Structure formats: structure tokens, C-alpha cells
Amino acid sequence: MATTAQTGPRPPRGPLRLVAVLLVALVVAGRAVDWFVDALWFQELGALQVWTTGVRQNALIGTFAFVVAFAVLGFAVLRVLRRGPALRFGRDGEVRIVPADRRFRPVVLAAVGVVALFFAAELGSHWLELRLALERVPYGVREPIFGRDAADYVFVLPAAVRIVNWLIALVVLALGATGALEALFASTTGARTLTAAAWRGLGAWTAALFALIGMRIGLEQFSVLYSPHGTLYGAGYTDVHARLPAFRILAVAAFVVAAAVAAGAWRGRVRVAAMAVGAWLVIAILGLGLVPTAMQKLFVEPTELAKEKPFLEAAIHLTRAAYDLDAIEARPFQVDKSLDAAGLAQHADLLDNVRLWDWKPLLATYGQIQEIRLYYNFGDVDIDRYTVGGRTRQVMLSARELAYDQLPEGARTWVNLHLKYTHGYGLCMSPVTHVTREGLPDLWVRDIPPVSSIDLPLERPEIYYGEQTSVFALVGTGTDEFDYPTGESNQLVRYAGKGGIPVGSAARRLLFAWALQSREMLFTSYLKPESRLLLRRSLRARAPHIAPFLRYDHDPYLVVADGRCVWIQDAYTASDRFPNSFRSGDLNTIRNAVKITVDAYDGTTRFYSADSKDPLLRAYSAIFPELFLPLDQMPAALRAHLRFPEDLFDIQAHVLATYHMQDPQVFYNREDLWAAPLERSSGREVTLDPYYAMVQVEPGGAAEFVLMQPFTPAGKDNMIACLVARCDGEHRGERYVALYPKQELIYGPRQIEARIDQDGAISQLLTLWSQHGSNVLRGTLLVMPIGQALLYVEPLYLQAENGGLPELKRVIVAHGDRIEIGENLQDALSRLVVGADASFQAAEPAVPGAAPPSAPHAGGPDPGRALGLLQDAEAALRNGDWVAHGRAMQELRQFLQNASGAPPRP
């Protein structure tokens, strides 16, 4: 029997086949070129083992997946074809049914092979997830529902779910292909129903599908550990007593359905199989929908705390373990509200490191006074500490990078972008407290070439790798590179670093031109055999391409060490599979396990293990044994600048705001919920972000570089606590939370801001400034512990409405019930302390080598006396003696007031 169907004239198949072959060849060639360039790049970095491990594991798992997929799909299709007739498409457009033809099988198997390749690529691309399951490292933390270590969920569960889902997709495709072919044969032969053999085949695949569904539901029972239902994250009463039994019943029922479908199809009882599937769906709807909802509403909610108490305890315990909150020490902090001159004298180092510059106005100021040329750009400001003159000083610095988008339109040629303008140059650095007479930052490192007023040598100021280097560069070419401007001419240079991939032969040039889509590389005459290609120069592309399995902090920062500019970037191990843990974004456990350094000149990139106990990092180290170096192998000059990273601190502070409550009843009632405080900025209220500062952590100890986040009670403005992360030396990574007394009022930033707005003198000054074509910018309100006292500091900047240079004009300080404003921090502090205590001057010791204090001059102006007092103040400032400086400034102010007859300033 034969049937035909008119389909119209068929186009010639020869050209179509040629086009298809060419497209496949281009795809394969493009992929091969990308692999080759990737291998060269990893080899340049000394990380070829990372690349080969990925390729080898991908190929191994992909090959296994291909064999399985090809066998399953091939069996499914060939089984039908062996029983049924073959279809042949004639050149006349007719479809004929002919006896089975063995020459048809290679075409079918080729099609099956293509589909199997997609399945292989899908599973192979997740090779790291599967490999992690084999490298499981225990956490030593067990969840109470199933009694399993957290490692079973972080390492093993994702791999098991991935494999079962892959098998389900494969069986669904086999079932679909079988059904489609059987239906096609039935329709072409005129049969009204499928044959018994066809039903048996469909039944077998359906039974296999339900068996896999049973396995998948068996794994899905662990999803109760990530349940968002109820009052907590993780398993609750309803999850354990309703959803968990439902999952187990459904899993068993799925295996029963599989057996019923197979038996029904084999015996020709299709209705029995359909009824089994329907019954399973009813059980699913009842068990996962209606029953849990009814239990929660009718049985749990009326006595929720009693029912949920053990589950709350588990959720609190496991969340604190997941985010390492148990390592945070709680320290009661008794606030001293009587800050005096002696307190200031004892903490001169802290006061000389109070940050008066916010990064935004400072970035604008750097840009206007130090970008030098339009093609340079300061993209960010980093905060760090350096040893200057034997003292630890907190500084702010920013790299002067090359901004390609700021080159004039006519200068954006291929040669300029990739061969001439190859790097940025130098940086700006200024102390956080010092201000010039004009209200500008006191630049310790400035200009091009770099000029330094401190002992900080910078032998390699060029920045070939940075945050803004988004294009590739070619060095060692037949043309010199632009180094930096010198008056009306330019200084030229040739790259002398070891970074880059040798361009070499014409064949390599062809490969690079293809990979980078840059035909100019083929035709330019500037490339030489010794030329080198600098790829992935952006920090946001460099380390993540080496280790995409890590998460990266948003703020890499620049360090000057051993005469070179080096970037430091923090990286994290994280997962969303930690059991019964609060989910923050797309994760529920995180560790700062890796520190990365990138040399700004030659691109040398190193990964250092910062937490050798972290299970995820230990597993990654087993897979990539040559990638992670011990932290003690990092140069000491760089280790001195390591810090606690901002992103991790943000997450931990956010979680701690709720999970510092460890009593289940307090947690349930949210009795002691914390929140980040509010402050005023640009005329609106914003959340006070964490900030780096220098504080004295241990009584009598040296000032330390820390990261801080104050807290207020949720819905209130008074301050209740402050989270502190230490960054220096052997204490780096240690955290504690300072707990302020609950029985007394400790002003929060928002309350201090309100008091500033209510201060008549300050309010009049702000109004006056705002009426003369200027904008008043209020800086971040910092809460600074000075011994046991809390000092609040807020800088005020003045900026022209047309976007002029932000200048630091005033500093507001507050302590207890007093608020004062001064031209600088010293001035404001002298008003705050001296005005509060008349014995301030008499109580302070004399400055070594300074003239003894004298009574204010009561007669006419005496420039010599005024100059002497000013010199005393400057000498005390240079010596870091805040008390003597404040005393001299107070005497000078009193002297000038008496001399002029002017009333005291408010």
C-alpha cells in the first residue's frame, strides 16, 4: 500500500547541504579558535592547569552523556523503525511508504547523534557541579530533620538533582519521538488506533518517566529545608508534618504508577494506566496544596509559637552557622557622655584619622584638579591605611586610568585605541582628615609623573590592567606608546613588562583577528614577531574568567607596594543550598575564602587561600590544586593592606540585624529587630552604609583599621549597637558587635541630623550658603568611638550650582547634648570641648618645645603675639598634639576677639 501527498516542487538539495556544512564548519572553527586563544591566555597567566582541567572534565562527562543519550534515543527510534514501514520523499514531492530500508538508518542515527550532542553539551557544561559531589567536604553542622551534614546539601544534592532532571528530559524526548513516529505510521497506513506493540513501547517509556519522577520527588523532599512558608526560612511545622509526608507518599505512588502503566500497556489495558496517572495527580494536589494549607490555617496558626519553636531554634542555629555569625563576639559598651580634653589627648591618633572626605565629592575634586588631560579618568576612590612617618594614617586614593570613551572622536582610530593609548598613569592619594586653606584635599601623591610628599616610592606608575581597561592592547609593536603628557609634547615609552600573549606568526595573527573580530590585525604593518597581546585587562573580566565559580566583591582596590601598583580583589565561596538558612539574595551561605592580586603593570594574577577551613574552598582546591596559594606566600607589603570586604560585611550585617536574636520567642515576636540607621544626604534621607575607620579596639591598644556598621532598633532612631570587623594583622577577619545600653538614650545618626537642622547658627549658615549660587553637600555622618565616648562627625562641602569644585568648608561635631561647627575638625573639637569645660586650657600639659601659654592680649593689635600663637598651633598640629593645637587656637581666637572688640562667634 502506498499513499502520496503533494508538497510542491522541492528545492535542490545540493546547495542546501553545502550551506549547512559551511555553517557547521564555521561554528566548529569559531569554537576551536576561542579554545586556542583561551589556552594561550591561561598559559600566559601560569594557570593552564585550570583550563585543561575544565576541558578534560567537560569532555569526559560530555562523552559519557553522549553515549547514554545516543543509546537511549537510538534505541527508542530504531525500535519503532524496525517494526514500521519506511518513509521516502521522492523528487516529485511525493511521500511514499516503502519496505524498511537499511540505508535509511544512517540518516536517523545522524539525527539522533546531533540531538545527543546537545544533551552531552548540557550535562558536560555542569561538570564542576558534578565533580564537587565527589569532593564533598563535611561542614560539621547537621540539620535536625534528616540528620544529614550540610555538605550533603551543598555538594551532593545539586548534582543528584541535575542528573535526574537530565534523565527526565532524555526520557521525555524518547517518549515524544516514539509517540510521534507511531502516530505518523498509524495515520499513513490508515489505522484507527495504535498497535499493541506501539502501546507497549509507549507504556514502557511512560513507566520509565514515572520512575524517574519518583526519584525526583524523593530528592524534592529535601526542599522543605528551603521552604519560605511560615515565620522562618527552612522547614517549619507544616513542612515536616504535611509536605514532607506528601512528598514521600508521592514518590512511592510514582513508582506504583510506573508499574501500573507498564502492566496496563503490556496487557492492553490503557484505561487502567490512565486511571493510575489520574490518581497520582489527585494525590499531588491534595498532598502539596490543600492539606498543608488547611493544616497551617487550622492547626498551626492558632498556636504558632508553640508549634514552631523547635523549628525556629534550628533555623536560628543553622543560619548563624551558614553566615559565620557565631564567631561574632558580643561586647557591652558603656557609653561615657563626658568627653574631655584628656580623652582627646589620649586618642590623638584616632582624631588625626577621622575621615572628613566622602568618596563622591572627593572623586569630583580629584577629577577637576588631577585628571590633567581629558582622556584620564578617576573611576573610584578607595580607602586604605599606610605607615607614614612611623604612624598609621588612613588615606583615600584613586587610580588615574585611561578613559577610551573620552578620547576625541577623531582620535579613536584602531591604532590609537590598541597600540598608542595603552595605559593609565599613577594615582592620587590624600589623608582623610587634612584640608588645604582652600578646602581641598592635601595631596600626598599627585601629578604626572607622580610627585610624593611622603616616603612612598612608585617605580611603576603605569596602569595597563585596571577597572576601566575594557579594550585589548598590543605592545612591543613598531610604534611607541603614549606614556604621559609633558607640556605641549608627549612622553613615549615601550612596554617592558612580562604580560601578554606573543603574537608571533601570521597564523596566530589570523586566529587573534578572528577571535577579536579585528581585521586590522591582519593588515597592520606595526606588528612584529616580538609583539604581545594584552587580553582581558579589566578586573571585572580577568579573575572571573579564571575562576567563574567564585563570587567577586564589587570594589577592587588599588595598593602601592614595593614601588608597584597592585589591585586587591576579594572573592567568595557561596551556595544557596545550605539547609534551613536565611536566604540573602540568591545565596544562603558565604565565606571570604579567597584574596586575589593583579599587578597593574604586567597583569600577574594570583589567587590566595584566605580560609583554609572553608569546605567549598577545600573542594575547589582539590579540583584545581595549582590555583590557590597559601596566604603566607603573598608579599608582606600586600598582606598589610588586606581588609574585611564590604559585600560580605553588608550581607552579614543584614542577617545579624535579625539573627542576633537567639531566643525563639524573642525572634518570633521580632522584639529586638535592628536596622541600619538613616541620615540626610542631598536633601533626602538615605541608609547609612558601612564605612572604614580607625578606632581603638582594645583599651590602651593602637588604632586599628576597621569596617563599621551602626544599628538602630527597627522603627526607632536611637542607636542600639555597632558591628565592627577588624582588618589588621593577626586580628584580620575578627568581628564583634558593640552593644549600647538599652536603658539610656544613645543618639542615632538621624537624631543627630535633626539636632543639626534645629541648631540656629548652623541652620542660618546653611541657608546663607544656599542663597548664593552654591549647593551645600552634607557628608556622611560618622559615629566614632573615642575611648568609651561617642563622637559624631559630619563634614560640609560647598559646590557651585554649575558643578564647580567641591570644597570642604565646615566640620560639625557632636557629643552628648552638644553640637558645634568649625572651619576644620580641630576648630570644631576645640569649641566642643573647651566650651564645655572652663578648665580645659589649665588642665592640659604644655607642648614640648612650645612657648608657655599667656593671657590674652587686652590692648591694641599685636601681630607678633597673633603670629606666635598661630605658629604654636601649627607646631602642635605637626606633632599630632590635638590638645595643644586646640588650646593655641582658642587663645588666638580669644586674642583676636579682644583686639577687635567683636562679639564671640556663635
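Structure: see above.
What comes next concerns the included structure. The structure presented is a predicted model; accordingly, all values stated were derived computationally and were not measured. (Residues numbered from 1 in each chain as written. Predicted model: local features only at pLDDT ≥ 70, side-chain atom pairs only at ≥ 80, totals over all residues. Heavy atoms only, no water.)

## A closer look at the sheet that holds strand β15 (residues 501-502)
And then number 1: Ordered by their spatial adjacency, three strands build an open sheet running β12-β16-β15, and the pairing between neighbours is antiparallel. Two strands in the sheet have a free side with no partner beyond their single neighbour: β12 (473-475) and β15.
And then number 2: Bridge analysis of β15 against strand β16 (residues 532-534) gives two bridges, and the strand direction is antiparallel. Looking at the pairing, I501 lines up with L533 of β16. (Pairing = 2+ DSSP bridges. Helix = DSSP H or I, 4+ residues; strand = E, 2+ residues; numbered from the N terminus.)

## Looking at the nonpolar core
And then number 1: Ranked by size, the top nonpolar core spans 216 residues in total, and within it L550 and F607 carry the most contacts.
And then number 2: Once residues within four sequence positions are removed from consideration, F607 is found in contact with A543, I546, A547, L550, Y552, V594, K595, I596, L627, F628 and L629.
And then number 3: With 35 residues, the next largest nonpolar core counts I746, I752, L781 and L782 among its residues. (Core = buried A, V, L, I, M, F, W, Y, C linked by side-chain atoms within 4.5 Å. Buried < 20%, exposed > 50% of the residue type's maximum accessible area, 1.4 Å probe, protein only. Contact = heavy atoms within 4.5 Å.)

## Brief notes about the pattern of salt bridges
And then number 1: In total, this model carries 45 salt bridges according to the counting rule given.
And then number 2: For E685, the salt bridge is made with R750, and the minimal N-O distance between the two is 2.9 Å. With a gap of 65 residues between them, E685 in strand β25 (residues 684-687) and R750 in helix α21 (residues 749-758) connect regions that are remote in the sequence.
And then number 3: For E685, a relative accessible area of 37% corresponds to the partly exposed category.
And then number 4: R750 sits in the partly exposed class, given a relative accessible area of 30%.
And then number 5: Through salt bridges with shared partners, a single ionic network connects E329, R331, E698, E704, R726 and E734. (Salt bridge = Lys/Arg side-chain N within 4 Å of Asp/Glu carboxyl O.)

## With respect to the environment of V252
And then number 1: Position of V252 among the secondary structure elements: in helix α7 (residues 237-267).
And then number 2: A C-alpha to C-alpha distance of 6.6 Å links V252 and G214, two positions 38 residues apart in sequence.

## Notes on the pairing of strand β27 (residues 703-713)
And then number 1: For β27, the buried fraction is high: 10 of the 11 residues fall into the buried class.
And then number 2: Pairing geometry for strand β23 (residues 674-675) and β27, over two bridges, is antiparallel. When the sheet's bridge partners are listed, A675 is paired in β27 with T712.
And then number 3: Two elements, strand β26 (residues 691-696) and β27, share six bridges in a ladder whose sense is antiparallel. If you follow Y692 over to β27, its bridge partner there is L707.

## Examining unusual backbone geometry
Most peptide bonds adopt trans geometry, and most residues besides glycine take a negative phi value.
And then number 1: Going from I448 to P449, the amide bond is cis rather than trans, its omega being -10°.
And then number 2: Along the chain, P449 falls in the loop between β9 (445-446) and β10 (451-452).
And then number 3: A positive phi angle, near 55°, is found at D562, a position not held by glycine.
And then number 4: The backbone of N580 shows a phi angle near 55°, a positive value even though the residue is not glycine.
And then number 5: Assignment of secondary structure puts N580 in the loop between β19 (564-575) and β20 (589-599).
And then number 6: Judged by relative accessible area, N580 falls into the buried class, the value being 1%.

## Section: the side chain of D358
And then number 1: When you line up the elements, D358 lands in the loop between α11 (348-351) and α12 (359-370).
And then number 2: Take D358: its relative accessible area is 11%, and that puts it in the buried class.
And then number 3: At a separation of 2.6 Å, a polar atom in the side chain of D358 contacts the main-chain amide nitrogen of T780.
And then number 4: Apart from residues lying up to four places away in sequence, D358 is in contact with M396, G779, T780 and Y797. (Polar contact = N/O pair within 3.5 Å; in protein donor to acceptor, adjacent residues only side chain to side chain.)

## What about a nonpolar patch on the surface?
And then number 1: A grouping of V282, I285, L286, L290 and V291 is seen on the molecular surface, where their side chains present a nonpolar patch of about 450 Å² in accessible area.
And then number 2: Among the residues examined, L290 registers a relative accessible area of 53% and is labelled exposed. (Patch = residues over 30% accessible without salt bridge, like charges linked within 9 Å, V, L, I, M, F, W, Y side chains within 5 Å. Areas by Shrake-Rupley, 256 points an atom, 1.4 Å probe, with all protein chains shown as cover.)

## Details of helix α22 (residues 760-770)
And then number 1: Taken residue by residue, α22 has I762, L765, L766 and W769 as its buried positions. In a view along the axis of α22, the buried residues occupy a sector of 95°, so they form one face of it.
And then number 2: Considering only its buried residues, α22 is in contact with α21, β30 (774-778), β32 (789-800), β33 (807-815) and β34 (818-822).
And then number 3: At the N-terminal boundary of α22, the capping side chain belongs to D759, with an oxygen 3.2 Å from the backbone nitrogen of A761. (Arc of directions from axis to C-beta.)

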